[in-house]
Amino acid sequence: MSASDTPRDEGHDTPRRDYTEAELAEMSRDEKMRLGLALDGVELLHYEDPFPVENTRAEKRAERAVAAWFALAGLSAIAFIAVFVFWPWGYVTPQQGGREYFLYNLYTPLVGLFLGLSIFAIGVGVVLYAKKLIPHEVAIQQRHDGHGSEEVDRQTTTAILADTGVRSGFARRSMIQRTLAFSGAVLGLGTGVIAIGGFIRNPWATEGPDSLKHTAWMKEGDEKVYLRRDTGDPHDVSLLRPEDIDAGGFETVFPFRESDREDEHKLVSVLRRSDAPVMLIRLRPGSAPIKRKGQEDFNYGDYYAYSKVCTHVGCPTSLFEQQTGRLLCPCHQSQFDVVNTYAKPVFGPATRSLPQLPITVDEEGYFVARHDFIEPVGPAYWERNS
Ligand code: FES
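Residues numbered from 1 in each chain as written. Predicted model: local features only at pLDDT ≥ 70, side-chain atom pairs only at ≥ 80, totals over all residues. Heavy atoms only, no water.

(A) Examining helix α4 (residues 98-132) more closely. Here α4 spans 49 Å end to end across 35 residues, near enough to the 51 Å set by a 1.5 Å rise per residue. A bend of about 35 degrees at Y107 is the largest found in α4, and the proline P109 appears one to four places after it. Turning to α4, its buried residues number three or more, namely L103, Y107, L110, V111, S118, A121, I122, V124, G125, L128 and Y129. Considering only its buried residues, α4 is in contact with α3 (57-86), α5 (151-168) and α6 (174-196). (Helix = DSSP H or I, 4+ residues; strand = E, 2+ residues; numbered from the N terminus. Expected span 1.5 Å × (residues − 1). Bend = angle between axes of the 7 residues up to and from the residue. Buried < 20%, exposed > 50% of the residue type's maximum accessible area, 1.4 Å probe, protein only. Contact = heavy atoms within 4.5 Å.)

(B) Seen up close, the side chain of D163. Positionally, D163 belongs in helix α5. Judged by its relative accessible area of 1%, D163 falls in the buried class. Ignoring any residue separated from it by four or fewer positions in sequence, one finds D163 in contact with R29, D30, M33 and Y47.

(C) Representation of the UniProt feature "transmembrane region" (unreviewed entry) in the protein. Taking the UniProt record as the reference, the feature "transmembrane region" (unreviewed entry) is found at residues 66-87, 107-130 and 180-200. In residues 66-87, the share of helix is 95% and the share of strand is 0%. The end C-alpha atoms are 31 Å apart. Secondary structure across residues 107-130 divides into 100% helix and 0% strand, with the first and last C-alpha atoms of the span separated by 35 Å. (UniProt positions renumbered as here; feature names shortened; annotations may be inferred.)

(D) Up close: the packing of helix α2 (residues 29-39) against α5. Two elements in contact, α2 and α5, have axes separated by 8 Å at closest approach and are oriented at 120 degrees. One element, α2, and the other, α5, form an angle in the oblique class. In this structure, α2 crosses over α5, and the sense of that crossing is left-handed. Contacts between α2 and α5 involve R29, D30, K32, M33, L35, G36, L37 and L39 on the former and, on the latter, V152, D153, Q155, T156, A159, I160, A162, D163, V166 and R167. Split by residue class, the contact of α2 with α5 holds 9 nonpolar, 3 polar and 6 charged. (Axes fitted to C-alpha atoms, helices over the stretch in contact; angles between N-to-C directions. Parallel < 35°, antiparallel > 145°, perpendicular 65-115°, else oblique. Left-handed = near helix turned anticlockwise from the far one by under 90°. Nonpolar A, V, L, I, M, F, W, Y, C, P; charged D, E, K, R; others polar.)

As structure tokens, then:
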């Protein structure tokens, strides 16, 4: 049976009558597909298989071209993951120069290049497949009122979809299947790496860049760790004394060691370390904030030093409101009370107090850190209460 044998409903272009299950079972996929089109009022003007004879050299050539793009997408995704995870990305100053600086500068371009190339190659592969291997079809459909699907509609629609799948030849093109699966899987993995790559850290590491237990304020031996301002010039080291801050005032400070002067990289990079900025606040005389258990001696008189990194998601808590004695984070409006408590969050999404840096003043009258923070700074993930 073909569409031309099918009677049409009165008043409709669409041929329609009841089809028995036996009739439908007898029809081939092609007949059902064409019947389905006819029932929907679709006229198939042109339906040409690009390769009517299977496995010709031309078809194999087209298939290889598509597979090559999918393979390229997969390889690019692997390169993207490798660069994202293994390429040296730590900041290197221009003054340091050399190979490290060269490699550091390539990190972002390479990440973008390989991810972009992978997505681009998958796109080209899909377009090539559609252009070269899927039957070229021209069809016209008249708009008509919709109604609920009948059995014949369901079966003929299934046949149309199945026909598209079979005619596209995807099921028998194993090379394309494999390369597409390869590229899709690796690219999917790559997207996962973007999301979790930055968190591949060992929260229990006590040394090295993976350590969350230490910050830029960690003491090394007996060397003092001073509190310095960032004057905009890393070579201009400006240390702080108590008299430099008025009552009710504050200053953003960074760590400085005398040995940093001999190490250009440290001198510059410590001003950029995300765990380095600290708010040094001088409370008004008479303020008596509740102190945190075990940290009762972390302040120096009216001077209190708190990590500037918000415990919500890490923005700088750069606003100190003298009237209320609160540190404000501009990102999501968390507020930390430093006048009445130990920088406990009293408003907004942050749930953890700002870590306090223990400070004192040395014999020459400069502020120094007594030791590192005793808890990790920054957003509250991992074991932030340790
Ligand atoms: S980062 Fe500070 S409130 Fe969200």
